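Residue-level structural notes
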Amino acid sequence: MFWTKNKEKKRAGTTIIGLHFEGQAAIGTDFDPENPDGDEVGIIKACSGMLMGFTGNCECAPIAEKFETMINNCENIDDTCREISTIWQQDPSFNELEGKLIAISKEGSYAIAPGNAERIKTGIVAVGPGEEYALAAIRAVLSQPEVSETVSEIVKKAFTVAAGVCVLVNSSARIITLE
Amino acid sequence: MTIKKDNAFHGTTIIGLRLNGKAAIAGDGQVTLDDMIFKAGARKVRKIEDHGVLVGFAGSAADGLALLQRFEEKLSEYNGNIPRAAVELAKDWRTDRYLRRLEAMIVVISKDHSFILSGNGDVVEPDDGICTIGSGSGYALAAARAILSCKSAPKDPAEIVERSLKIAADICVYTNSNISVLTL
């Protein structure tokens, strides 16, 4: 992923995997609200025809809410994502917040970091410690000549595989799909 | 060219798989020196015809070949008994003072056994018959497990290793998609 600039900086945290494929979309996280791990949170939500996911520290919750409102009220998702990344980078009150935001609609997947918003052409967005393994797993499933799995099954499978390879990933994931 | 202390050729992905009584191994073709692609069409997988074994190596090329040679000697000594040869090779590290730490790993795979041997004397037999080594090993492992867990998983291990390595090549910069596959 474009934001993993430095491998040393990789730390424990929640993993979020999102996928949109053939008009279906799903997002999942291994964050368990009942049993939080440190001060990391992973929020996944369905809002007005979109799925959004946010991973970061607890203090990020307000920013996630602000972005949720922006996504809820958006007319053009491309512009909104760009606007969010600009606000995140420029607003001094958001400076200290480290986190990543994912937005998935039936048309596309977006990954947003401070000053950077990108439409992911493949439709696969994974953030957090097990991101590369989840990405490899999803690409592997989608490389079949005929894909018989639903998107939520694929995301579930990605978590199982990522949890099997990376110790920082929890295999019991919550997954929501876009109806 | 400046010679740095740690300028061994490195960065490779090798994946071996046993499935349905068949075995396959695949390796990429990239040889990397620091941040330079030195060669793109290397062959890092071999077949030892005498004993029906496929091998692949990653890490420093000279060390990989040294490790392979030692393993072949053991294999001949123990009449092609792979687990025995692997364990005897590991024992040498404990007893032989001349063996230094070889900066390489090899995958050894036959129809019945699969092992990963490291240049420090470690021997690992993976649970699920998927052996991956090198810089892109995690991605290839994740891809192979994902393919195997699908309902319509291919029956042929050669197809699975090739597809997994292709995915690893797309993610890992030290791995290219010039793939060579060997089967048993």
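Relevant structure appears above.
For the structure given in this document, a descriptive report is provided here. Residue indices follow the written sequence of each chain, beginning from 1 at its first position. Throughout, the order in which chains and ligands are written sets their labels, letters from A for the former and numbers from 1 for the latter. Only residues with pLDDT of 70 or above have their local features reported here, since the model is predicted, and side-chain atom pairs are shown and tallied only from 80 upward, although totals for entire chains, interfaces and linings are computed over all residues.

Another point: the overall build of chain B. A run of H or I in DSSP becomes a helix once it reaches four residues, and a run of E becomes a strand once it reaches two; helices and strands are each numbered from the N terminus. Within chain B one finds four helices and eleven strands. What you see for chain B is a C-alpha radius of gyration of 16 Å, in line with the 16 Å of a compact globule of 184 residues. Expressed as lengths along the three principal axes of its C-alpha atoms, the size of chain B is roughly 50 × 45 × 25 Å. A residue is called partly exposed when the number of other C-beta atoms within 10 Å of its own lies between 12 and 20, exposed at 12 or fewer, and buried at 20 or more, with C-beta atoms placed from the backbone. In chain B, which comprises 184 residues, the share counted as buried stands at 46%. Placing a C-beta atom from the backbone of each residue, one calls two residues in contact when those atoms lie within 7 Å. Long-range pairs, those at least 24 residues apart, make up 65% of the contacts in chain B with a sequence separation of at least 6. The globule rule used here is 2.2 Å times the number of residues to the 0.38 power, and the radius of gyration it is set against is calculated over C-alpha atoms.

All names here are of chain A. Taking strand neighbours across the sheet as the criterion, the five strands line up as 3-4-5-6-7 in an open arrangement whose pairing is antiparallel. Where the open sheet ends on each side, the last strands, each with one partner, are strand 3 (40–47) and strand 7 (116–120). With direction set aside, neighbouring strand axes in the sheet form an average angle of 15°. Judged from the four bridges that link them, strand 5 (residues 99–105) and strand 6 (residues 109–113) form a sheet pairing that is antiparallel. Strand pairing is assigned whenever DSSP identifies at least 2 bridges connecting the two strands. Axes here refer to lines fitted to C-alpha atoms; in helices the fit is confined to the stretch in contact. Angles between the N-to-C directions go from 0 to 180 degrees.

So, on to unusual backbone geometry. The phi dihedral of Glu 22 of chain A is positive, around 45°, even though this residue is not glycine. Among the structural elements, Glu 22 of chain A can be located in the loop between strand 1 (16–21) and strand 2 (24–29). Judged by the 11 C-beta atoms lying within 10 Å of it, Glu 22 of chain A is exposed. The backbone of Asn 79 of chain B sits at a positive phi, close to 50°, despite the residue not being glycine. Mapped onto the elements, Asn 79 of chain B comes out in the loop between helix 1 (61–77) and helix 2 (82–95).

The next thing to look at is the environment of Val 125 of chain A. Residue and element names in this part refer to chain A. Following the sequence through the fold, Val 125 ends up in strand 8 (residues 124–127). Note on Val 125: 27 C-beta atoms within 10 Å, which makes it buried. Excluding residues within four positions of it along the chain, Val 125 makes contact with Gly 18, Ile 102, Ile 104, Ser 109, Ala 111 and Ile 120.

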